[in-house]
Each structure stands twice: as C-alpha cells, then as structure tokens.
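As a plain string of letters, each chain reads:
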Amino acid sequence: MESTFSSPAEASLQREAGAAGLLTPLADLDRVYELERVVGFVRDLGCQRVALQFPDQLLGDAGAVATRLEEITGSKMFILGDTAYGSCCVDVLGSEQAGAQALVHFGPACLSPPARPLPITFVLGQRAVALELCAKAFEALNPDATAPVVLLSEPACAHALEALATLLRPRYLDLLVSSPALPLPTGYLNSVPEPLERFGRCFPLAPGRCLEEYGAFYVGGSKDSPGSDLDPDLSRLLLGWAPGQPFSSCCPETGQCQDESARAGRLRAHRHYLVERARDARVVGLLVGTLGVARYREALAHFRNLTQAAGKRSYVLALGRPTPAKLANFPEVDIFVLLACPLGALAPQPSGGFFRPVLAPCELEAACNPAWPPPGLAPHLTHYADLLPGSPFHVPLPPPDSELWDTPDVSLITGELRPAPTWKPPNALGCSALTPQPQLELAESSPAALFLSSRSWQGLEPCLGQTPVTGVVSGRRGIAIAYEDEGNS
C-alpha cells in the first residue's frame, strides 16, 4: 500500500539536493554574459554590493559568474534566483533585502520601469542569428519593396537587427529597425527627441509617420515548435499590432518563416471571449502579480474603482505566482485578473489549466468601462500602466447620468440580458454586507454567502434539540491508513 499511494520514506533520505551544474563553458562566460560591460557598469558607479538576478534556466552559471565578477571588481555579489513572481521583472525587493547598491539582470526581461529607483543594467543575451537565411525569408514574405516593414526580434536577437537591415536596405526602401527600450539612468537628460516606445521597444519613426502603417517581421521563436503560442513576447506583439497589417516571424537559426495572421486572429478571438466572461462575472479577483513594477498600487486602486462602478465586487489576492491549486481556494470568484508586467500577464497557463479564466487588465477595462471603444477600434494594451490616468490610451469612466450605463447589453455566452449596473462614485462609502429591506428584514448580499447557499452540501448540520441524548462511547483509534479495529487487511 505504501508503494501505491506514497513514496518510500527512504527515498527522501537518499535524494541528493544541490545546485544545477554549469551550463556554459568557463571560456565562454565573458562573451555570453557580457562581463566586460557589467564590470564597467559596477566600476562607474563605485558599488560595493551588487545583486545579480538570474532566471531559473541560468542558475547553473550564477556561481561562476558571481565569482568572476568578484575577482575582477572586488565588490560583493549577491545571487537572486527565487523570485516571488516572474523572473523577467527586476527584483527590487530582493536587492533591497541584500543591501545592494545596483542590480544586474540576466536573461529575458520585460523592461518594465521598477517601482523604486535603483541603478540597473540588463544582459539580454546574444542568440545566434543566421543573417543570410533570415534575409531570404524576409524577401520571400515581402515581395513588395516599397511596403513599410518594421524589423522586430526577441530581446536575445536584438543585436543582429542592424546587420540584417544592412543586407535588406539596398532593395527595401521603407525599413524600420526597432530596439529594446532600456530604462534610462536616474537623472539622465537627453536633448534628442525620444522615439516612440511601445511593446518594450523603441521605434525611430520619421515625422508624420505612425506605427499602424507598418507591417512586421519578427526574428525569434523556438526552432523545435515554431507554431506554438507559448512565447508571451510574441503574443503581446500579435495582440497589439494593427490587425490590417501583415505580421510574419522567422526562426533565427534555421530561417524557417511563417505568416502569423491566423495565430493573431485566434489570440484576438480568445481575448474577446474573455471580455464576455468578464461582463458576465459578478465577483472579480484581482491577483497581485508584481511588487517591483512602477504604479502597481495605483493600478489596484483603479481596477477596484472600475469594478465597483460596473456593479461588481472585487477582492485583492496576493498569492505569489498563480497556480490552479491556489486559485481553487476561491470558488466564489467568477474571473481572475492578473496585474503583472506585460510578459507576466500573457504567460502560458499550466497544463492543467485554471478552473476560472485568468484575464489581462485590458480585458477587464473593456468589459467594465462602457466608454471603451468597441472591438476592432480599441488597441489591445498589454501593460496596465497604459490604462491609468496620464497615459494617451486612458479612457475615463463616463459620468453617472450618461446614457452609456443604460445601454442594453446581451451576453454572447448565456444569451441573457445583462442588468444595467448601479453606478456608484469611487469615493462613496462602501456598502455593508447587510442590506435593509422594506419589510424590515435583513438579506445577506455577500457573494460568498450566495455561493454557499447554492451548494447542495453546506457543511455539518448541528440539528440542535432534534437528536436523542446518548452516552459517550469510545471512537476508533489509529490513523486513516490503518485503524486498530481493521486488523492486518
């Protein structure tokens, strides 16, 4: 029975635990992790304590990199590996706990602004790119030499975009090269006009041009499964790019290319379905998905006011990384909204899936704000900061007497007419859980109580005064796997 339902006790004693082995040869550490640039960053700041943040897949090299940097700079290095949320975000809290004066982030990064000022440098990596194969794939997908196209890439391939553009510019006249939108140092003053910054990238557009005029050619993705939807960076580009413009991708090693229009259509259709689920929902769970990205507190307050104005009840849940087991503890919640960085909000869900859908902030905004443009006219914003006041994409809530709140709305999922929300100003006092009725009775309006009343089993019933009085008897002894009165069976 022990081997069927549990592992032997000796297995935990014989298991060897240790750090992951070295992934990169020692001779290639300087090149792969750009240690020369990191050393210059540490020496320019004069830091004595530096935090090194590694994702899980690179922790095998963390010890060797930290040792090498300590030998060259003489500064104390601290390895940050176990982040509470996504490893793409800067772990400002972990660096503060270590007393670090600066932070070096290795691996894929969302490049979101940190919640607290801290000198940061990013080592995005340099993935090998076959320029000739990618150039041939670009020419095959873009036969029109006059069509405007933007060169995009995953962060690890950004180093090769200028070289790829050099091969293509003799033929293609309207070619735009994007670059990672790295955060500027604190106190840095730039006299040059800043380029357009979207999707974590900078676009040096000419005066009078807009990004919606351009098609896209993306260099990146997996060579093993190029058709998968598991890359959150590519997903946010597909969702946010202009629907009428072509979008194609290319594997950097093999040059294998494909048109992404069909996949972009499926992603948008799924997002429209999630908006309908949000409109039908009565209880919303706001998942705190970051503590290190700027304006996360402001975003929480914004979405709480938004759900209250739409007649929904919201709960703020701080659970770390969301998993199906964690969210299953809240069965009364209809939908969850993950307030995280753009890559964290679009991260692939576990294979088991969640029992309630997990939405991005933009989908909740589209569902609860009646002034939000209809599908096809509104951009899909992957970062919650774009929805807050001060952003060019911010859409304020209409006033209470606006006709937008009374517009009839039919659910596309249930086919029922949705009731108009009872608008309440955000600064009004919160309603009590007990609501007085005209008949001087009290009715419970808590969503959790309503959910409990709808269940067939509501727990043990005491039945006071309905059971006969009997003497005390001795119960069963032992553990559930083998009680004493069960024998050796």
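Residues numbered from 1 in each chain as written. Predicted model: local features only at pLDDT ≥ 70, side-chain atom pairs only at ≥ 80, totals over all residues. Heavy atoms only, no water.

**Looking at the overall build of the protein**
Item 1. The helix and strand tally for the protein stands at 15 helices and 22 strands.
Item 2. Taking all 489 residues of the protein together, the buried fraction comes to 40%.
Item 3. Partitioning the intrachain contacts of the protein with sequence separation of at least 6 by distance along the chain shows that 70% fall at a separation of at least 24.
Item 4. For the protein, the exposed surface amounts to about 27100 Å²; the carbon and sulfur share of it is 56%. (Helix = DSSP H or I, 4+ residues; strand = E, 2+ residues; numbered from the N terminus. Buried < 20%, exposed > 50% of the residue type's maximum accessible area, 1.4 Å probe, protein only. Contact = heavy atoms within 4.5 Å. Areas by Shrake-Rupley, 256 points an atom, 1.4 Å probe, with all protein chains shown as cover.)

**Overview of the packing of aromatic side chains**
Geometrically, a pair of aromatic rings is defined through the distance of the ring centres and the angle of the planes.
Item 1. This structure, assessed with the given rule, holds 9 aromatic pairs.
Item 2. Considering the side-chain rings of F203 and W241, the 6.4 Å spacing of their centres and the 55 degrees angle between planes classify their relative orientation as tilted. With F203 in strand β9 (residues 201–203) and W241 in the loop between α9 (232–240) and β11 (247–250), this pair connects stretches of sequence that are 38 residues apart. With respect to class, F203 is no different from W241; both count as buried. (Phe/Tyr/Trp six-rings, centres within 6.5 Å; stacked < 30°, edge-to-face > 60°.)

**Description of α9**
Item 1. Most of α9 sits inside the fold, with 9 of its 9 residues counted as buried.
Item 2. Turning to α9, its buried residues are P232, D233, L234, S235, R236, L237, L238, L239 and G240.

**Some points on the sheet that holds strand β16 (residues 358–359)**
Item 1. A sheet is described by the order of its strands in space; here 4 strands give the open sequence β14-β13-β15-β16, paired in parallel fashion. Each of the sheet's edge strands pairs with one partner strand only, and the pair in question is β14 (313–317) and β16.
Item 2. Relative to β14, strand β13 (residues 283–288) runs parallel, the two being bridged by 5 bridges. Looking across to β14, one finds that G285 is bridged to Y315.
Item 3. Across the sheet, helix α11 (residues 296–309) touches β13, β14 and β15 (335–339), and the angle it forms with β13 is around 175 degrees.
Item 4. Against the sheet, helix α14 (residues 361–368) makes contact with β13, β15 and β16, and its axis sits at roughly 125 degrees relative to β15, the strand it touches most. (Pairing = 2+ DSSP bridges. Axes fitted to C-alpha atoms, helices over the stretch in contact; angles between N-to-C directions.)

**A look at α11**
Item 1. Across its 14 residues, α11 extends 20 Å between first and last C-alpha, which sits within 8% of the 20 Å expected from 1.5 Å per residue.
Item 2. Inspection of α11 places Y296, A299, L300, H302, F303, L306, T307 and A309 among the buried residues, and these make up the whole buried set.
Item 3. Taken together, the buried residues of α11 touch β13, β14, β15 and α14. (Expected span 1.5 Å × (residues − 1).)

**A short note on the nonpolar core**
Item 1. Judged by nonpolar contacts, the single largest core of 36 residues is most densely connected at L286, F303, I335, V337, L364 and Y384.
Item 2. Residue assignment for this core shows that the elements contributing at least two residues are α10 (261–280), β13, α11, β15 and α14.
Item 3. When neighbours within four sequence positions are excluded, I335 is seen to be in contact with R277, A278, A281, V283, V284, G285, P357, L359 and L364. (Core = buried A, V, L, I, M, F, W, Y, C linked by side-chain atoms within 4.5 Å.)

**Topic: the sheet that holds strand β8 (residues 196–198)**
Item 1. Pairing within the open sheet is antiparallel, and its 3 strands lie in the order β7-β9-β8. At either end of the open sheet lies a strand with only one pairing partner, and these are β7 (179–180) and β8.
Item 2. Across 2 bridges, β7 lies against β9 in antiparallel orientation. Residue pairing in the sheet places S179 in a bridge with C202 of β9.

**Things to note about unusual backbone geometry**
Item 1. In this structure, E34 takes a positive phi of about 50 degrees despite not being glycine.
Item 2. Topologically, E34 is positioned in the loop between α3 (29–32) and α4 (35–45).

**Brief notes about the packing of α4 against helix α5 (residues 62–73)**
For any two helices packed against each other, one specifies the inter-axial angle together with the distance between the axes.
Item 1. α5 packs onto α4 with a crossing angle of 50 degrees between their chain directions and a minimal axis gap of 11 Å. Looking at the two axes, α4 sits oblique to α5. For the pair α4 and α5, the sense of crossing is right-handed. Here L35, V38, V39, V42 and R43 of α4 lie close against α5, whose contacting residues are V65, R68, L69, I72 and T73. (Parallel < 35°, antiparallel > 145°, perpendicular 65-115°, else oblique. Left-handed = near helix turned anticlockwise from the far one by under 90°.)

**What to know about the confidence of the model for the protein**
Item 1. Per-residue confidence for the protein gives a mean pLDDT of 82; residues scoring 70 or more make up 84%.
Item 2. The low-confidence segment residues 1–6 (pLDDT under 50) makes 4 contacts with residues lying over four places distant or belonging to another chain.
Item 3. Overall, residues 427–433 carries pLDDT values under 50, and its contacts beyond four positions in sequence, including any with other chains, amount to 9 contacts. (pLDDT = per-residue confidence, 0-100.)

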